[in-house]
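The chain contents come next:
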2 protein chains.
Amino acid sequence: MLATTDSKHSKPTGFDDIIAPVEASLHALTAFLDNQSNEFETEVREMVAYCLKNQGKRIRPVLVFFSGWPITTENQDLLVRASAVVELVHLATLVHDDILDDATIRHNSDTASARWGNAAAVLLGDALFSQALKLASDFPTVEVCRAVSLATRRVCAGEIRQTFERGNANFALDEYFRVIELKTAELFKVSCFLGAHLNGYSETAVNAAAEFGRRLGIAYQIYDDLADILGDEKKIGKTLGTDLASGKYTLPTLLLLQDGHISSKELLEIKQSGKFDHEHFLGQLRDSGIIERVHEIFLKEIDAAEAAIISVQDEFQAGEYLLRLSEFVRLQMARYS
Amino acid sequence: MLATTDSKHSKPTGFDDIIAPVEASLHALTAFLDNQSNEFETEVREMVAYCLKNQGKRIRPVLVFFSGWPITTENQDLLVRASAVVELVHLATLVHDDILDDATIRHNSDTASARWGNAAAVLLGDALFSQALKLASDFPTVEVCRAVSLATRRVCAGEIRQTFERGNANFALDEYFRVIELKTAELFKVSCFLGAHLNGYSETAVNAAAEFGRRLGIAYQIYDDLADILGDEKKIGKTLGTDLASGKYTLPTLLLLQDGHISSKELLEIKQSGKFDHEHFLGQLRDSGIIERVHEIFLKEIDAAEAAIISVQDEFQAGEYLLRLSEFVRLQMARYS
């Protein structure tokens, strides 16, 4: 891409453009993670290497790197290690999630549970968690261990709540927000916290970065849940509407329920039969204006995320990069209007 | 019990007598753990409290306290916290083990997986792991986090190997020792390491305590596996010989196999039919002298554990207490001759 005099204010829309400033760090992370499988006991290595090969967007590492900006030869190693910690925790939760969801495919590959069985996948997730905390303990102070173990505990609490609420057609809106705050926003938040903390930013800037991560995480989950219902051509191998049929009710469904467009009884019937009229459901969402309301709630979170960063823009050097990332999530969401 | 002039050399045989010197610390641990459930997010508290209520012998905390001897008003809090860390890790592994084993009863109560389902139990175990590491990060230096996360990773590796070897009638003796070293000895070892380390003992004494824990752990698992085959009236609710029928081959079976008293084919038939002639099997074990050989291997480990402690008896103040504990395990084993 040719630089223009206006390049500072141009907004790249592709994810690759947005992460270009941290491309070298992401490569360093890949090399670091590739080496990680050798750190494990021989009986786990092949499984760990397999999981590490099937990675997603690495949005959490990107948050660590941007929040730790500027990246120098002095701090890159610390930031790579911190991003490896959050990525391994994320990977561990995916391995365990796939067991709970009976998922067989993730990122176009077999899940660990499909490949090695649930028993081995439970233990593999545990080993990944342990190694994440082992890496966290390689930092000179206990701050990283503390932040990561606390975040992990909160992620588990969110997933437990989600598990217990599954199929509960009286699942309330505030319970939904509690679940996504714990299960998704917590790791986004700790990623931003670690980056800013390790770069020695002031407490105010660190807190602002953490708040950006938290709000972005909430917005991201709202987007992801909407995409699951409206259909995302990129989610190959994932059946449209699986969440609904399995009794996992997300924001659009809960708003339909709250406004009386669908009844608890109907939701229960969908769950029991495993079948529902997808077109009719989409029609209801559009006609009732629920999709617009989901967008409004999403925008409130994205706006709050951006406001947190803008409040510390004088000190916080990577504000522009983080705002491009939130802009990217905005644009992804806008495809579902 | 009345003290006698010879009391220093009397060997109490009951577990309660052996742990009497650390009774106050164990009470402090109970109070500390009771409070722990309040540290968790509200959605997990009831489950955590339930698991904490159904505790076993707390042998790992006893190892922490004895290795950290003498216990003073200054170090008791540190030792209580360290023992809570290892006990929570142990508890987390039990919760996950019970999922893998489809176990419904532990310590005469429903297992977490039987009570709340496998999905919630996976996450509960994860939350317990996380909280253990969170507590570990409350220590001023990263040593506790590092030792515990590494030990946990190794425990998982041992369990993964055991899972993959299940039903493998070519499972070799050295593989058995690798599994029990990782899955059992590692937590015994880290318990002794933490106690001695936190009390500021020399590196030599800390290493000796860790070696005591490691060897005692191996011996303890050999004892536990023999008891499972020969029948332990205390293991109420656990079917005799379940390990064999489920294809989990332990030392007595592996020796029978190695010496040609039983064939791989016979083991496979037992596993496939789920039935086997228990009396005939016990007869084979006795007639072939395998039970004596299991005792010899056990004694080699117990002797090595004790030798490690005796080597540092000048510095290491709790040697006598640890030796009473190993003597207790010896006596437990002797019931199965």
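Bear in mind the structure is a predicted one, so any value in this text is a computation, not a measurement.

Here we look at the overall build of chain A
Right, so step 1: What chain A contains, in helices and strands, is 16 helices and two strands.
Right, so step 2: Along the first, second and third principal axes, the C-alpha atoms of chain A reach 60 × 55 × 35 Å.
Right, so step 3: Counting contacts in chain A only where the partners sit at least 6 residues apart, residues at least 24 apart contribute 77% of the total.
Right, so step 4: Taken as a whole, chain A presents about 13,800 Å² of accessible surface, with 49% of it coming from carbon and sulfur.
Right, so step 5: When the 34 positive and 49 negative side-chain charges of chain A are each reduced to one mean point, those points stand 2 Å apart.

Some points on the pattern of salt bridges
Residues and elements named next belong to chain A.
Right, so step 1: Across all of its chains, the model carries 42 salt bridges over all chains by this definition.
Right, so step 2: One salt bridge connects Glu-186 with Arg-154, and the closest N-O pair in it is separated by 2.8 Å. Of this pair, Glu-186 sits in helix 9 (residues 173–198) while Arg-154 is found in helix 8 (residues 143–165), placing the two residues 32 residues apart along the sequence.
Right, so step 3: For Glu-186, a relative accessible area of 8% translates into the label buried.
Right, so step 4: A salt bridge links Arg-215 to Glu-211; its shortest N-O distance comes to 3.0 Å.

A look at the interface of chain A and chain B
Right, so step 1: Counting residues at the interface gives 44 residues for chain A, matched by 44 residues for chain B.
Right, so step 2: If you sort the residues of chain A by the area they bury against chain B, Glu43(A), Leu123(A) and Arg153(A) come out on top, with a joint share of 19%.
Right, so step 3: Our count for the contact surface shared by chain A and chain B stands at 10 salt bridges.
Right, so step 4: Close ionic contact of Arg154(B) with Glu41(A) constitutes a salt bridge, the shortest N to O distance being 3.8 Å.
Right, so step 5: Where chain A meets chain B, there are 16 residue pairs in polar contact (both at pLDDT 80 or more).
Right, so step 6: Secondary structure elements with two or more residues in the side of chain A that touches chain B: helix 3 (42–53), helix 5 (76–100), helix 7 (118–136), helix 8 and helix 9 of chain A.
Right, so step 7: Among the residues making up the side of chain A that touches chain B, the classes are represented as 23 nonpolar, nine polar and 12 charged.

Here we look at the relation of the copies chain A and chain B
Right, so step 1: Once chain A is rotated about the relating axis by 180 degrees and shifted along it by 0.0 Å, it coincides with chain B to within an RMSD of 0.0 Å. Read as a symmetry element, the transformation amounts to a two-fold axis. The rotation axis passes nearest to the C-alpha of Val142(A) in chain A, at a distance of 2.7 Å.
Right, so step 2: Residue by residue, 100% of the interface of chain A is reproduced at the interface of chain B, so both copies engage with the same surface.

Regarding the environment of Leu194(A)
Residue and element names in this part refer to chain A.
Right, so step 1: Turning to its location among the elements, Leu-194 is positioned in helix 9.
Right, so step 2: In this structure, the C-alpha to C-alpha distance between Leu-194 and Leu-78, residues 116 residues apart in sequence, is 9.9 Å.
Right, so step 3: Discounting chain neighbours no more than four positions away, the residues touching Leu-194 are Ala-82, Val-86, Val-144, Ala-147 and Val-148.

Quick look at the packing of helix 7 of chain A against helix 7 (residues 118–136) of chain B
When two helices pack together, their arrangement is given by the angle between the helix axes and by the axis-to-axis distance.
Right, so step 1: Running from amino to carboxyl end, helix 7 of chain A crosses helix 7 of chain B at an angle of 20 degrees, the nearest separation of the two axes being 11 Å. Looking at the two axes, helix 7 of chain A sits roughly parallel to helix 7 of chain B. Here the hand of the crossing between helix 7 of chain A and helix 7 of chain B comes out right-handed. Two secondary-structure elements touch here, helix 7 of chain A through Val122(A), Asp126(A), Phe129(A) and Leu133(A) and helix 7 of chain B through Val122(B), Asp126(B), Phe129(B) and Leu133(B).
Right, so step 2: Counted by class, the contact of helix 7 of chain A with helix 7 of chain B contains six nonpolar, no polar and two charged residues.

Re helix 10 (residues 203–230) of chain A
All names here are of chain A.
Right, so step 1: Taking 1.5 Å of rise per residue, the 28 residues of helix 10 would be expected to cover 40 Å, and the 40 Å separating its terminal C-alpha atoms lies within 8% of that figure.
Right, so step 2: Of all the 28 residues making up helix 10, 22 are buried; the element is thus mostly covered by neighbouring parts of the structure.
Right, so step 3: Where helix 10 terminates, the next one or two residues include Gly-231, which has phi positive at roughly 95 degrees.

Details of helix 15 (residues 290–310) of chain A
Right, so step 1: The first and last C-alpha atoms of helix 15 of chain A sit 30 Å apart over 21 residues, in line with the 30 Å expected at 1.5 Å per residue.
Right, so step 2: Those residues of helix 15 of chain A hidden inside the fold are in contact with helix 10, helix 12 (251–258), helix 14 (278–287) and helix 16 (319–334) of chain A.

Section: the packing of aromatic side chains
Right, so step 1: For the structure shown, the criterion picks out 18 aromatic pairs over all chains.
Right, so step 2: With 4.9 Å between their ring centres and 70 degrees between their planes, Trp69(A) and Tyr321(A) make a pair best called edge-to-face. Of this pair, Trp69(A) sits in the loop between helix 4 (59–67) and helix 5 while Tyr321(A) sits in helix 16; the two residues are 252 residues apart in sequence, bridging distant segments of the chain.
Right, so step 3: An angle of 15 degrees between the planes, with centres 5.1 Å apart, marks the rings of Phe66(B) and Tyr321(B) as stacked. Taken together, the residues span a long stretch of sequence, with Phe66(B) in helix 4 (residues 59–67) and Tyr321(B) in helix 16 (residues 319–334) at a distance of 255 residues.

Here we look at the confidence of the model for chain A
The predicted structure's coordinates, where accompanied by low pLDDT, should not be read in detail.
Right, so step 1: Taken as a whole, chain A shows an average pLDDT of 88; of its residues, 93% reach a score of 70 or greater.
Right, so step 2: Residue range residues 1–12 of chain A is modelled with pLDDT below 50. Its contacts to residues more than four positions away, or to other chains, number eight contacts.

Considering the side chain of Arg60(A)
All names here are of chain A.
Right, so step 1: Residue placement: Arg-60 occurs in helix 4.
Right, so step 2: One buried charged residue, Arg-60, remains without a salt bridge, the closest side chain of opposite sign being Glu-87 at 5.0 Å.
Right, so step 3: Of the polar contacts made by the side chain of Arg-60, one reaches the side chain of His-90; its length is 3.2 Å.

Scoring rules and cut-offs
- Residues numbered from 1 in each chain as written.
- Chains lettered and ligands numbered in written order.
- Predicted model: local features only at pLDDT ≥ 70, side-chain atom pairs only at ≥ 80, totals over all residues.
- Heavy atoms only, no water.
- Helix = DSSP H or I, 4+ residues; strand = E, 2+ residues; numbered from the N terminus.
- Contact = heavy atoms within 4.5 Å.
- Areas by Shrake-Rupley, 256 points an atom, 1.4 Å probe, with all protein chains shown as cover.
- Lys, Arg positive; Asp, Glu negative; His and termini not counted.
- Charge placed at Lys NZ, Arg CZ, Asp CG, Glu CD.
- Salt bridge = Lys/Arg side-chain N within 4 Å of Asp/Glu carboxyl O.
- Buried < 20%, exposed > 50% of the residue type's maximum accessible area, 1.4 Å probe, protein only.
- Buried area = accessible area lost by both parts, 1.4 Å probe.
- Polar contact = N/O pair within 3.5 Å; in protein donor to acceptor, adjacent residues only side chain to side chain.
- Nonpolar A, V, L, I, M, F, W, Y, C, P; charged D, E, K, R; others polar.
- Least-squares fit on C-alpha atoms with pLDDT ≥ 70 in both.
- Axes fitted to C-alpha atoms, helices over the stretch in contact; angles between N-to-C directions.
- Parallel < 35°, antiparallel > 145°, perpendicular 65-115°, else oblique.
- Left-handed = near helix turned anticlockwise from the far one by under 90°.
- Expected span 1.5 Å × (residues − 1).
- Phe/Tyr/Trp six-rings, centres within 6.5 Å; stacked < 30°, edge-to-face > 60°.
- pLDDT = per-residue confidence, 0-100.

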